[in-house]
Amino acid sequence: MSSDHPKPIKIVWVYPDLLSTYGDQGNTIVLERRAALRGIPTQTVHLRSDERVPVDGDIFLLGGGEDRPQILAAQRLRRDGGLYEAAQRGAVVFAVCAGYQLLGHEFGGEEGQPVPGLGLLDIRSGRGRQRAVGEIVGEVAAELNVPRITGFENHQGITHLGQRVKPLAKVVTGIGNGDGFEGAYSGRVMGTYMHGPALVRNPGLADLLLRWAVGGDIQPIDDSWAGRLREERLKAVLG
């Protein structure tokens, strides 16, 4: 992809006032940087929870959050309807932890009660008995053509995948969804429990989202330095 790309990729960071607990805004920075290295212009919108969701966005990013902000975000996004409309027309949606859970049909609230989600992914989440805290590594679904993923999880969620969704990765170490798999995706909608932020630690995953957004291949860039850091981290985690 060259610098004559007809229009900027519009990146929408959804509700940073509610869903930005674990530094997941770093995902927006990585997408901006990796697009710029290829001459692809970007426009980033930091969308507060009192603003309407722009349905013309190309990539929507949702981060982690505590129970009450997660519930508020789900309620406001359901009322707004813009994120659902954007996803239906083919926009890319990438969500982490609390954001991942609220993309599903329901998730566990403050007392574990089921709270309606957005229904963008065929998943249901609830509370597990133990909190998952620590490094997570997974082998990504082959069709996505992304190297092994690595991140940090901090959640008490258990996520059950329905028939209309596929797991993002098979867990090598860590907890993930609680069933031996981590995350889920369907079409261009993807969720994960990985912080780190996820796209900082997994540039191949960032490039997948960019390919989805532009609708085709993108130029390769030199990731040798990032590769060395990833290998060091994986070696430290896996031994």
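That block above? That's the structure.
Within every chain, residues take consecutive numbers counted from 1 along the sequence as written. Owing to the predicted nature of the model, reporting of local features is limited to residues with pLDDT of at least 70; listing and counting of side-chain atom pairs is limited to 80 or more, with chain, interface and lining totals taken over all residues. Excluded from the side-chain calculation are hydrogens and water; included are all heavy atoms of the structure.

**Q** Would you mind showing me how to read the overall build of the protein here?
**A** Helix and strand labels come from DSSP, where a helix needs a run of H or I of at least four residues and a strand needs a run of E of at least two; each type is numbered from the N terminus. Counting its regular elements, the protein contains seven helices and twelve strands. Its C-alpha atoms give the protein a radius of gyration of 17 Å, near enough to 18 Å, the size a compact globule of 239 residues would have. In terms of its C-alpha atoms, the protein occupies a principal-axis envelope of roughly 50 × 45 × 30 Å. Contacts: residue pairs with any heavy atoms within 4.5 Å of one another. Restricting to contacts in the protein with at least 6 residues of sequence separation, those with at least 24 account for 70%. For accessible areas, the Shrake-Rupley method is used with a probe of radius 1.4 Å. Any residue's cover is judged against the shown protein chains and nothing else. Accessible area for the protein stands at about 10700 Å²; split by element, carbon and sulfur atoms hold 48% of it. Residues scored as charged are limited to Lys and Arg (positive) and Asp and Glu (negative), so that His and the chain ends carry no count. Charged side chains are reduced to one point each, which is NZ for Lys, CZ for Arg, CG for Asp and CD for Glu. Taken together, the 27 basic and 28 acidic charged side chains of the protein have centroids lying 2 Å from each other. We take the radius of gyration over the C-alpha atoms and set the globule estimate at 2.2 Å times the residue count to the 0.38 power.

**Q** Can you walk me through the packing of aromatic side chains in this structure?
**A** Think of a pair of aromatic rings as described by two things: how far the centres are apart, and how the planes are tilted against each other in angle. Each pair of aromatic rings taken from Phe, Tyr and Trp, with Trp reduced to its six-membered ring, is defined by centres within 6.5 Å and is described as stacked if the planes are under 30 degrees apart, edge-to-face if over 60, and tilted in the remaining cases. Counted according to the given criterion, the structure contains one aromatic pair. Here Y100 and Y193 contribute two aromatic rings whose centre-to-centre distance is 5.1 Å and whose plane-to-plane angle is 80 degrees, an arrangement assigned as edge-to-face. Separated by 93 residues along the polypeptide, Y100 in helix α4 (residues 98–102) and Y193 in the loop between β12 (189–192) and α5 (198–201) bring together distant segments of the chain. The exposure class assigned to Y100 is buried, which follows from its relative accessible area of 0%. Assessed through its relative accessible area of 0%, Y193 is described here as buried. Note that K170 overlies the ring of F181, its terminal NZ or CZ placed 5.4 Å from the centroid. Exposure is judged per residue with a 1.4 Å probe applied to protein chains only, and the accessible area is read against the type maximum: over 50% gives exposed, under 20% gives buried, and values in between give partly exposed. Here, over-ring charges are defined by two tests on the NZ atom of lysine or the CZ atom of arginine: distance to the ring centre within 6 Å, and angle to the ring normal within 35 degrees.

**Q** In this structure, what is going on with the layout of surface pockets? I would like to understand it.
**A** The gaps left among the atoms become clear once a water-sized probe is rolled over them. Definitions used for this entry: grid spacing 1 Å over protein atoms alone; cavity, a set of points where a 1.4 Å probe fits but cannot get out; pocket, an open set with protein on both sides within 12 Å along at least 5 of 7 lines; lining residue, one with an atom within 4 Å of a point. Grid points are joined across faces, edges and corners, and a volume is the space filled by probe spheres set on the points. Put simply, the largest pocket is a space of about 370 Å³. R34, V200, P203, W225 and A226 are, among the 17 residues lining the largest pocket, the residues nearest its centre. Broken down by secondary-structure element, the contributors of at least two residues to the lining of the largest pocket are α1 (26–36), α5 and α7 (224–238). The element that contributes the greatest number of residues to the lining of the largest pocket is α7, accounting for five residues. Along the lines of polarity and charge, the residues of the lining of the largest pocket split into nine nonpolar, one polar and seven charged. Roughly 280 Å³ of volume is contained in the second largest pocket. What lines the second largest pocket is a set of 18 residues, among which D67, Q70, Q101, R131 and Q156 lie closest to the centre. When residues of the lining of the second largest pocket are traced back to their parent elements, those giving at least two are α2 (67–80), α4, β5 (106–108), β7 (123–140) and β8 (149–161). Of the residues assigned to the lining of the second largest pocket, the class counts are four nonpolar, ten polar and four charged. Three residue categories are used. Nonpolar comprises Ala, Val, Leu, Ile, Met, Phe, Trp, Tyr, Cys and Pro, charged comprises Asp, Glu, Lys and Arg, and polar comprises the others, including Gly.

**Q** Sorry if this is basic, but what is going on with the pattern of salt bridges here?
**A** Any two side chains of opposite charge can pair, given that their charged atoms come close. Just to be clear on terms, a salt bridge is a Lys or Arg side-chain nitrogen sitting within 4 Å of an Asp or Glu carboxyl oxygen. Taken as a whole and judged by the stated rule, the model has 13 salt bridges. D58 is the salt-bridge partner of K7, the closest N and O atoms lying 3.3 Å from each other. Here K7 is found in the segment before β1 (9–14), whereas its partner D58 is found in the loop between β2 (42–47) and β3 (59–62), with 51 residues between them in sequence. Take K7: its relative accessible area is 45%, and that puts it in the partly exposed class. Residue D58 is classed as buried on the basis of its relative accessible area of 14%.

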